[in-house]
Amino acid sequence: MDATTLGSLLVGVGAVAAALVAYLGKRGETALTGYSSLTGTLQKERERLDQKVTELNTRLAEQAELRAADQAEIARLRALIPPGGQP
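This text gives an overview of the structure that appears in the document. Just so we're clear, the structure is a prediction, and the values are computed from it rather than from any experiment. (Residues numbered from 1 in each chain as written. Predicted model: local features only at pLDDT ≥ 70, side-chain atom pairs only at ≥ 80, totals over all residues. Heavy atoms only, no water.)

Another aspect to go through is the overall build of the chain. The helix and strand tally for the chain stands at one helix and zero strands. Taking all 87 residues of the chain together, the buried fraction comes to 0%. (Helix = DSSP H or I, 4+ residues; strand = E, 2+ residues; numbered from the N terminus. Buried < 20%, exposed > 50% of the residue type's maximum accessible area, 1.4 Å probe, protein only.)

Shown next as structure tokens:
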């Protein structure tokens, strides 16, 4: 095998290797872009759910305050009724 054939063979192998590296690089870039997009979507979903949980906790706190007020009113009204009698 002379030097020209060996050089051509090495150039061909180099071209195939370069194409393979470019393919894998593009594939990795596409995967990274997809991962970034998925991460962004998940973060938006998490923010939306965090806001919903905050709203529900606020609503529960309001309900607890109303219940406490109702319990106080019931206790006040019971105190007005004489034992064993009508008000």
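Text resumes after the structure shown.
Moving on, we come to the pattern of salt bridges. Pairing is possible between side chains of opposite charge, provided their charged atoms come close. Tallied over the entire structure, the rule returns three salt bridges. A salt bridge links Glu 45 to Arg 48, with the nearest nitrogen and oxygen atoms 2.6 Å apart. Linking Glu 45 with Arg 48, this pair stays in helix H1 (residues 3-80), spanning three residues, or about one helical turn. (Salt bridge = Lys/Arg side-chain N within 4 Å of Asp/Glu carboxyl O.)

In this section: a nonpolar patch on the surface. A grouping of Leu 6, Leu 9, Leu 10 and Val 13 is seen on the molecular surface, where their side chains present a nonpolar patch of about 380 Å² in accessible area. Within the element layout of this structure, Leu 9 appears in helix H1. (Patch = residues over 30% accessible without salt bridge, like charges linked within 9 Å, V, L, I, M, F, W, Y side chains within 5 Å. Areas by Shrake-Rupley, 256 points an atom, 1.4 Å probe, with all protein chains shown as cover.)

By themselves, these are just geometric observations and shouldn't be taken as functional.
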